[in-house]
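Observations on the three-dimensional arrangement
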Amino acid sequence: MGSRIIQKLSGKSSFQSVEKVYKELKPHFEKMIKDRYGNYVFQKILELSHFERRNEMLNLISPNFVELSMTKTGTHTLQTLIEFLDENGMEIVVKIVERDLLSMSKNEYSTHLIQKILSKYPHYALVCILFNNFDELACNKHSIVVLKKLLNACSNVQYLRCQFLENFKQNF
């Protein structure tokens, strides 16, 4: 009941009200992300926040980002976070997941987060790690989907590269 009231308040409230809710709940973000109802409140705060605030929220949860991604509510909430991040935020995410990319790709929950990251921001470092471990990842039912997303992301980049070169040749 409490999360619905906060969601409704934050949906209609002023910037000051959202800030007040943010400051009040800030120490509880990780617990909220894991909670089956609290995660919706966290997502609502994300939705109503500006880029700097979203990056701040990311930094607050970054020490346990990987652990959070390996839970059902955590991966869902973190996927929403990815949708709202700017390029600076995505660079932070890449640094966080780089070290644990293989285990996250194989996890039944965090695999969805990795797919979301690759769809939005197929960073070179992540692509290299995945390609260098292709054989290992291809033998896991969760990470095979990550590889499929990776190949789609790379083929889109290749297509764009071919278009750019074709346009370059025609114009020069």
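Please refer to the structure higher up on the page.
As the structure is a computational prediction, the values presented were derived from the model and not from experiment.

**What about the overall build of the protein?**
Each helix and strand in the protein was counted, giving 13 helices and zero strands. Beginning at the N terminus, the succession of helices and strands in the protein can be written as α-α-α-α-α-α-α-α-α-α-α-α-α. Evaluated residue by residue, the protein yields a buried proportion of 40% over its 172 residues. A sequence separation of at least 24 residues applies to 69% of the contacts in the protein between residues at least 6 apart.

**Looking at helix H8 (residues 87-98)**
An α-helical segment advances 3.6 residues per turn. Residues three or four places apart therefore align on the same side. The end-to-end C-alpha distance of H8 is 16 Å, a good match for the 16 Å that twelve residues give at a rise of 1.5 Å each. Buried-residue contacts for H8 involve helix H5 (51-61), helix H6 (65-69), helix H7 (72-84), helix H9 (101-106), helix H10 (110-120) and helix H11 (124-132).

**Structural notes on the nonpolar core**
If you look at the biggest cluster of nonpolar residues, it comprises 39 residues, and the most contacted ones within it are Phe29, Phe65, Val97 and Ile117. A per-element tally of this core places H8 first, with five residues. Excluding its chain neighbours within four sequence positions, the residues that come into contact with phenylalanine 29 are Tyr22, Phe42, Ile45, Met57, Leu60 and Ile61.

**Brief notes about the pattern of salt bridges**
By the definition in use, this model includes eight salt bridges. The partner of glutamate 56 in a salt bridge is lysine 26, and the shortest N-O contact between them spans 3.4 Å. On the criterion of sequence distance, the pair formed by glutamate 56 in helix H5 and lysine 26 in the loop between helix H2 (15-25) and helix H3 (29-34) is long-range, its members being 30 residues apart. Across the pair glutamate 83 and lysine 116 runs a salt bridge, and its minimum N-O distance is 3.1 Å. Taken together, the residues glutamate 83 in helix H7 and lysine 116 in helix H10 connect sequence positions 33 residues apart. Exposure remark for glutamate 83: the relative accessible area of 47% places this residue in the partly exposed category. The exposure class assigned to lysine 116 is partly exposed, which follows from its relative accessible area of 26%.

**Quick notes on the packing of aromatic side chains**
Under the defined criterion, the tally for this structure stands at three aromatic pairs. Note on phenylalanine 29 and phenylalanine 42: the rings are 5.0 Å apart at their centroids and 85° apart in plane angle, and the pair reads as edge-to-face. Placement of phenylalanine 29 in helix H3 and of phenylalanine 42 in helix H4 (residues 38-48) is noted, with a sequence separation of 13 residues between them. The same class applies to phenylalanine 29 as to phenylalanine 42, namely buried. Between phenylalanine 131 and phenylalanine 134, the ring centres sit 6.3 Å apart and the planes meet at 15°, which makes this aromatic pair stacked.

**Overview of the environment of histidine 112**
Among the secondary structure elements, histidine 112 is positioned in helix H10. On the basis of relative accessibility, which here comes to 40%, the residue histidine 112 falls in the partly exposed class. Apart from residues no more than four positions distant in its own chain, histidine 112 is found in contact with Thr75 and Gln79. A polar side-chain atom of histidine 112 sits 3.4 Å from the main-chain carbonyl oxygen of glutamate 108.

**Considerations on the packing of H7 against H10**
The contact between H7 and H10 brings their axes to 9 Å, and the two run at 10°. Taken as axis vectors, H7 and H10 run roughly parallel relative to one another. Of the residues in H10, those touching H7 at Thr75, Leu78, Gln79, Ile82, Glu83 and Phe84 are Ser110, His112, Leu113, Lys116, Ile117 and Lys120. The class makeup of the residues in the contact of H7 with H10 is five nonpolar, four polar and three charged.

**Looking at the environment of leucine 151**
Structurally, the position occupied by leucine 151 is in helix H13 (residues 143-171). Classification of leucine 151 by relative accessible area gives partly exposed; the value is 42%. Distance from leucine 151 to valine 127, taken between C-alpha atoms, is 9.4 Å for residues 24 residues apart in sequence.

Conventions adopted
Residues numbered from 1 in each chain as written. Predicted model: local features only at pLDDT ≥ 70, side-chain atom pairs only at ≥ 80, totals over all residues. Heavy atoms only, no water. Helix = DSSP H or I, 4+ residues; strand = E, 2+ residues; numbered from the N terminus. Buried < 20%, exposed > 50% of the residue type's maximum accessible area, 1.4 Å probe, protein only. Contact = heavy atoms within 4.5 Å. Expected span 1.5 Å × (residues − 1). Core = buried A, V, L, I, M, F, W, Y, C linked by side-chain atoms within 4.5 Å. Salt bridge = Lys/Arg side-chain N within 4 Å of Asp/Glu carboxyl O. Phe/Tyr/Trp six-rings, centres within 6.5 Å; stacked < 30°, edge-to-face > 60°. Polar contact = N/O pair within 3.5 Å; in protein donor to acceptor, adjacent residues only side chain to side chain. Axes fitted to C-alpha atoms, helices over the stretch in contact; angles between N-to-C directions. Parallel < 35°, antiparallel > 145°, perpendicular 65-115°, else oblique. Nonpolar A, V, L, I, M, F, W, Y, C, P; charged D, E, K, R; others polar.

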